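Summary of structural features
Residue-level listing of the chains:
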Amino acid sequence: MINSLLERKIEKRPDRVRLQGRILFLTEDPELIKRQLAGEDLPWDTKNPGNNPKLRDDISTDEITPAHYCFYFDETLGEIPYLGLKCGNVTPIGRGEVKRGGFVCAVSGKRRGKGSSREQSPYAEMCAGIRVVIAENIERIYKQNCQNLGVLTSTDFSLIDRIRGGEDIALSEFTAGEDEITRQVIEYGGLFPFNVARMQGRVFLPPIKTEKRPMTLAEKIFARHMVNETGGVGVACVKPGDTGFAQADLRFSHEYVTPMAAIFFERYVGKDAKVNDASSIIFFRDHLTFLDEVISEEKKKLGLLDLATQLKLKQQDFAAKQGIKLHGELKDRKGSEGICHSIVLESYALPGQLNIGSDSHTPHVGAIGCVAFGIGTTDVFNSWITKDVRVKVPESVRIVIRGRRHANATAKDFILKILSLDYVRSGKALAKVMEYAGEAIEELSVDERATMTNMAAEIGGFTGIVAPDKKAIDFLVERRGMDRAKAQRMIAGLYSDPDAQYAHLIELDAAEITPMVATPGDPGNGKYVRELNTPVPIEIAYGGTCTAGKNEDMDMYAAVLADALKQGKRVADSVKFYIQFGSQETREYCLRKGYLDVFQKAGAIVIEPSCGACINAGPGVSTRPDQVVISAQNRNFPGRSGPGQMYLASPLTVAASAVAGYIVEYEPSEALVGV
């Protein structure tokens, strides 16, 4: 414990708040937004919502703060909010316009803040003057980031009239329905002041006294990690809604988040303060190693490339000062050691653990049966002090995929199908655990299961998880060199009890799922490839990222391209096909298997590990609005990977389309071994 914090004076915010300023309605009509930015206050009928213009749904954090602007990690972000917001084909908000407009509240529709866990988004809103966010429903990580920073959130649209009327509003209206701990975080104005008060013994932590009950796999893992009444770790049972702090086995962050967290730590804790247990913290330089190859001259003139370099240097300096392991750039060639999620799965995560990371795709490692979830910057830096994280035990959704899949269908097709379901698209799965089960899941390798758990982030879920079994044991033995008996002991008891309770059950038949794509704009726009009415020519095919840069993904790219070469075909002249490894381990795997020769002969362009094109920071990004891309990555939000039209698909479909020159299903000439 850091002694100086025990003497820090901390006060709660006032019981009543007055939100003085204008309200910005983020509508689908760009002209209405422009009029508001020009000074017009939009009429709004809170009693008859049908009379109002349509609000934008599904506003992602990519739209609130486009990736390049996240190189800022200070109050400059106040000039940035909503620069990527698309209304039709228009981005109506310019730099600094929200801040100049005197707005105190921003209003939107369903699933606000979906996507990346970047805390730069609510921080940018806060620095622009936004003190309250109102939406029909709000994604978990974004909402928690708001609370951690002190930005108020609500789904109560009746507040609009009261804010405009200049009323004092009771703080309790923003804490209503929240759990005891979240209520106090809001009352203290953020997570850090709450945690200081917690260290000083000034807050109330409700004890978890849930009686013995059947539990899901995730609930069992939470129970093992919750801080108990005595300050120790572990409670007998938990149930959805139980709140407290869970001790993390592993905490990691990458260069997009570490610098901002380090600045918060040094500012609020002390420049010479030490983190709690540096041995269980890992840093990664994995997002921006190829940025210089694709960043525009305009952005270079804004100094964004220089800012990206500062992110790297700040992370390096803080890691060295604190004695934290940093998986960084390669010394002998361009690229990184690997993407954080890839390396954590290959080298660190273990069944039954609780892991937290500064990225929404942290659930990746749920593939071997651990609870892992994304957190924001404030949660990261607070975990460096306390080694734990605020948790409200989530409900679970059981997703059962029965039967046997088609030879050309993959885990990516399964998850794109799930994302297209009304239950998910309507936001009912938000903040819930996605527990995958059934014969078709059991048949998947750990690499393929990781595609399912990784993309729990696109569902808006708390995390994704698969019960560890023989496949998980084999992974630990073969990929980690672990003793088999030790691995078997590790997974003992890691399964859901037969009578465990679920919020919802989704059942699918693998035989009914054929290769899919998500059409441009959202991962939830899923349809079967065979439902595309006309051929869709492509210019770029991209295979890589944490989702699709694993060993088995490389098996798929290689199988398709080897098949093409046998038939005298290669990548179409009209297409650039990029294949990017998720880690150096995967690169070495490809060398051993002879895949690099196959990739080269077929005309694919091979890239060293990095997040790259997925976040508009590497080869494979689009450069024109009319450019069509097919990608095996996880997201296709507007502008995320360039201005083009991006379709999401499986590694098999991406590679087959690269050869054909347009989007097609892969039709193997013979059975795919190991796929």
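Residues numbered from 1 in each chain as written. Predicted model: local features only at pLDDT ≥ 70, side-chain atom pairs only at ≥ 80, totals over all residues. Heavy atoms only, no water.

Read from one edge of the open sheet, five strands run β10-β9-β8-β11-β12, paired in parallel fashion. Every other strand in the sheet has two partners, leaving β10 (325–327) and β12 (371–374) as the edge strands with one partner each. When the angles between neighbouring strand axes are averaged without regard to direction, this sheet yields 20°. Here strand β8 (residues 250–254) runs beside strand β9 (residues 281–284); their pairing, made up of four bridges, is parallel. Looking at β9, one finds that Ser253 is bridged to Phe283. (Pairing = 2+ DSSP bridges. Helix = DSSP H or I, 4+ residues; strand = E, 2+ residues; numbered from the N terminus. Axes fitted to C-alpha atoms, helices over the stretch in contact; angles between N-to-C directions.)

Right, let's talk about the sheet that holds strand β5 (residues 152–154) for a bit. Strand order in the open sheet made by the four strands is β2-β3-β4-β5, with parallel pairing throughout. The open sheet has two edge strands, β2 (22–25) and β5, and neither has a second partner. Shown here is a sheet whose adjacent strand axes are inclined to one another by a mean of 20°, direction ignored. Pairing of strand β4 (residues 132–134) with β5, which is carried by three bridges, proceeds in the parallel orientation. Among the inter-strand pairings, Val133 is bridged to a residue of β5, identified as Thr153. With respect to the sheet, helix α2 (residues 30–37) is in contact with β2 and β3 (103–107), its orientation differing from that of β2 by roughly 160°. (Contact = heavy atoms within 4.5 Å.)

Moving on: the packing of aromatic side chains. Two aromatic rings are characterised by how far apart their centres lie and by the angle between their planes. Counting across every chain of the model gives 21 aromatic pairs. Judged by centre distance (5.4 Å) and plane angle (35°), the rings of Phe192 and Tyr268 are tilted. Taken together, the residues span a long stretch of sequence, with Phe192 in helix α10 (residues 191–199) and Tyr268 in helix α12 (residues 258–268) at a distance of 76 residues. By relative accessible area, which is 8% here, Phe192 ends up buried. Judged by its relative accessible area of 33%, Tyr268 is partly exposed. With 4.6 Å between their ring centres and 50° between their planes, Phe373 and Phe462 make a pair best called tilted. Residue Phe373 is found in strand β12, and its partner Phe462 is found in the loop between α21 (456–459) and β16 (463–466); the two are separated by 89 residues along the sequence. Overall, the relative accessible area of 1% leaves Phe373 in the buried class. What links up through ring pairs into an aromatic cluster is the set Tyr123, Phe192, Phe264, Tyr268 and Phe381. (Phe/Tyr/Trp six-rings, centres within 6.5 Å; stacked < 30°, edge-to-face > 60°. Buried < 20%, exposed > 50% of the residue type's maximum accessible area, 1.4 Å probe, protein only.)

Further remarks concern the layout of surface pockets. In this structure, the largest pocket spans a volume of roughly 1,100 Å³. The set of elements that each furnish at least two residues to the lining of the largest pocket consists of α3 (61–64), α13 (297–301) and β24 (645–649). In the lining of the largest pocket, the residues fall into 16 nonpolar, 16 polar and 11 charged. Lining the second largest pocket are 34 residues; nearest its centre among them are Arg140, Lys143, Glu178, Lys392 and Ala431. Listing elements by their share of the lining of the second largest pocket, those giving two or more residues are α6 (140–149), β5, α8 (172–175), α9 (180–187) and β13 (388–392). Here the element with the most residues in the lining of the second largest pocket is α6; it accounts for four residues. Residue classes in the lining of the second largest pocket are distributed as 12 nonpolar, 10 polar and 12 charged. (1 Å grid on protein atoms, 1.4 Å probe; cavity = no way out; pocket = protein on both sides within 12 Å on 5 of 7 lines; lining within 4 Å. Points joined across faces, edges and corners; volume = space filled by probe spheres on them. Nonpolar A, V, L, I, M, F, W, Y, C, P; charged D, E, K, R; others polar.)

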